[in-house]
Amino acid sequence: MILTKSYATLGPKGNLGPFQFERRSPRENDVVIDILYCGVCHSDIHQARDEWGGSIYPMVPGHEIVGTVSGIGKGVSYFNVGDTVGVGCLVDSCRECPSCHEGLEQYCEGGMVPTYNSMERDGSTPTFGGYSNKIVVREEFVLKIDPKLNLAATAPLLCAGITTYSPLRHWDIQKGKKVGIVGLGGLGHMGVKFSQALGAETVVFTTSESKKSDALRLGANQVVLSKHEAEMQTHQNSFDFILDTISAPHDVNPYLQLLKRDGSMVLVGVPTKPMEVSALNLIFSRKSLSGSLIGGIKETQEMLDFCARHQIVSDVEVIPIQKINEAYERVIRSDVKYRFVIDMKSLS
Ligand code: NAP
Ligand code: ZN
Ligand code: ZN
């Protein structure tokens, strides 16, 4: 077994604090990773505080992991000790169902295994995430990372990156399309970078006046203050695609009105309460409202390679793990530009 240092929460109302546990010794197909950096996703907060229900404690959050391979099982063929690698939101799946065969492990019909707040496929071993100094993962769920990249700024690509890249690709965003990105947080700022890199006209919708200039710097063609009705009106019936990254309950109907005929709005944000949708906003002009969950392993590797080619990383604020509770409060206040990343050296 591998003694592992981490930060965990013991219940929905508690803070995160130091926690030690044991990872499994590498099996035949396992890769042991010494974690260098782990991003802080809003999903970590939702789950640490049991906002979606069903949370398992103790919980070690973290699914935006970058590190170095420090050991491999006998059957590992794709990785060597010393490689720079990443791990995202899933660490296993059935590997047999149609979704798994299509490289869509996130939609595994047998149930994918999330990196934390879940059980392994044995049904009894809890998974612990990346706010820790080591992780052991089957090689099929490990990603290759170019060691020349800024590794702290690369970590958020493993969730915020793939979660925004995947729907933009699935809905075929390219030059000539008009794309709205709703909410300029960890996911939203990656959405802007990808939409711009894919050649689309990109409009950011934000509630934060203070983020207007940043949105333009990140690559948006226009910024709209979503509370400003007149500004919203000027975009009626004009969008091909709108990606909603908002983490809190909000009204989607004003955005549905901005789609043009056959346009699609896709939810990636996971507010804690169900939302109301006016059927009229969909029926007139045959609009669609959909959702999208992270991305499969093959597409995550494609996204990482796309980022390396286009020099895309996340805008990050690196913190020691001792600042994690303060960081959570700041994420909730939308006071982060645009992703906190934990430097795991601070654990030792
Ligand atoms: P984040 O960094 O906190 O960004 C969320 C943004 O939403 C904020 O920056 C803010 O943008 C906006 N916002 C927050 N509260 C709002 C409110 N009350 N009304 C309107 N806008 C509000 O969070 P994140 O890490 O990007 O995650 C966003 C959501 O996606 C979370 O719910 C997370 O769980 C979910 N998620 C889903 C997937 C998936 O696979 N579908 C993957 C990862 C995360 P402005 O300041 O610009 O308004
Ligand atoms: Zn995430
Ligand atoms: Zn499967």
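In this text, all values refer to a predicted model and were calculated from it rather than measured experimentally. For every chain, the first residue of the written sequence is number 1, and numbering continues from 1 onward in sequence order. Whichever chain is written first is A, and whichever ligand is written first is 1; the rest continue in order. Confidence filtering applies because this is a predicted model: local features only for residues at pLDDT of at least 70, side-chain atom pairs given and counted only at 80 or more, and all residues used for totals across whole chains, interfaces and linings. Hydrogens and waters are ignored; side-chain quantities use all the structure's heavy atoms.

Enquirer: Would you mind going over the packing of helix H4 (residues 160-170) against helix H10 (residues 297-310) with me for this structure?
Expert: The axes of two packed helices give the description: the angle between them and the distance between them. In this analysis, axes come from line fits to C-alpha atoms, helices being fitted only over the stretch in contact, and the angle between any two N-to-C directions falls in the range 0 to 180 degrees. Strands here are runs of E lasting at least two residues and helices are runs of H or I lasting at least four, both read from the DSSP assignment and numbered beginning at the N terminus. As a packed pair, H4 and H10 sit with axes 10 Å apart at the nearest point and diverge in direction by 100°. Viewed along their axes, H4 and H10 adopt a mutual orientation that is roughly perpendicular. The segment H4 lies against H10, with Gly161, Ile162, Tyr165, Ser166 and Arg169 engaging Glu299, Thr300, Glu302, Met303 and Phe306. When residues are grouped by polarity, Ala, Val, Leu, Ile, Met, Phe, Trp, Tyr, Cys and Pro land in nonpolar, Asp, Glu, Lys and Arg in charged, and all others, Gly among them, in polar. When the residues that make up the contact of H4 with H10 are grouped by side-chain class, the tally is four nonpolar, three polar and three charged. Any angle that falls under 35 degrees is termed roughly parallel, while one over 145 is termed roughly antiparallel, one within 65 to 115 roughly perpendicular, and all others oblique. Note on definitions: a residue-residue contact is assigned when non-hydrogen atoms from the two residues lie within 4.5 Å.

Enquirer: Explain the domain arrangement of the protein chain here, please?
Expert: How big an interface is tends to be reported as the loss of accessible area on association of its parts. For each domain, the first and last residues come from an automatic or database assignment. Its domain assignment divides the protein chain into domain 1 (2-158 + 315-347) and domain 2 (161-291). Between the C-alpha centres of domain 1 and domain 2 the distance comes to 28 Å. Each side of the interface is counted separately: domain 1 has 12 residues, and domain 2 has 17 residues. With both chains or domains summed, domain 1 and domain 2 bury close to 1,300 Å², and 52% of this area falls on carbon and sulfur atoms. Contact with domain 2 buries area across many residues of domain 1, yet Leu157, Asp315 and Tyr338 alone supply 46% of it, more than any other trio. Definition used for salt bridges: Asp or Glu carboxyl oxygen within 4 Å of a side-chain nitrogen of Lys or Arg. For the pair domain 1 and domain 2, the interface holds three salt bridges. The shortest N-O distance in the salt bridge between Lys193 and Asp315 comes to 2.6 Å. Contacts described as polar in this section are N or O atom pairs within 3.5 Å, which, within protein, must combine one atom able to donate a hydrogen with one able to accept it, while residues neighboring in sequence count only if both atoms come from side chains. In this assembly, domain 1 and domain 2 are joined by nine residue pairs in polar contact (both at pLDDT 80 or more). Values labelled buried area give the accessible surface lost by two parts on being combined, using a 1.4 Å probe and summing over both.

Enquirer: Help me understand the pattern of salt bridges in this model?
Expert: A side chain with one charge can pair with a side chain of the opposite charge if their charged atoms come near. What the rule picks out here adds up to 20 salt bridges. Each member of the salt-bridge network shares a partner with another, and the members are Lys193, Asp214, Arg217, Asp315 and Lys337.

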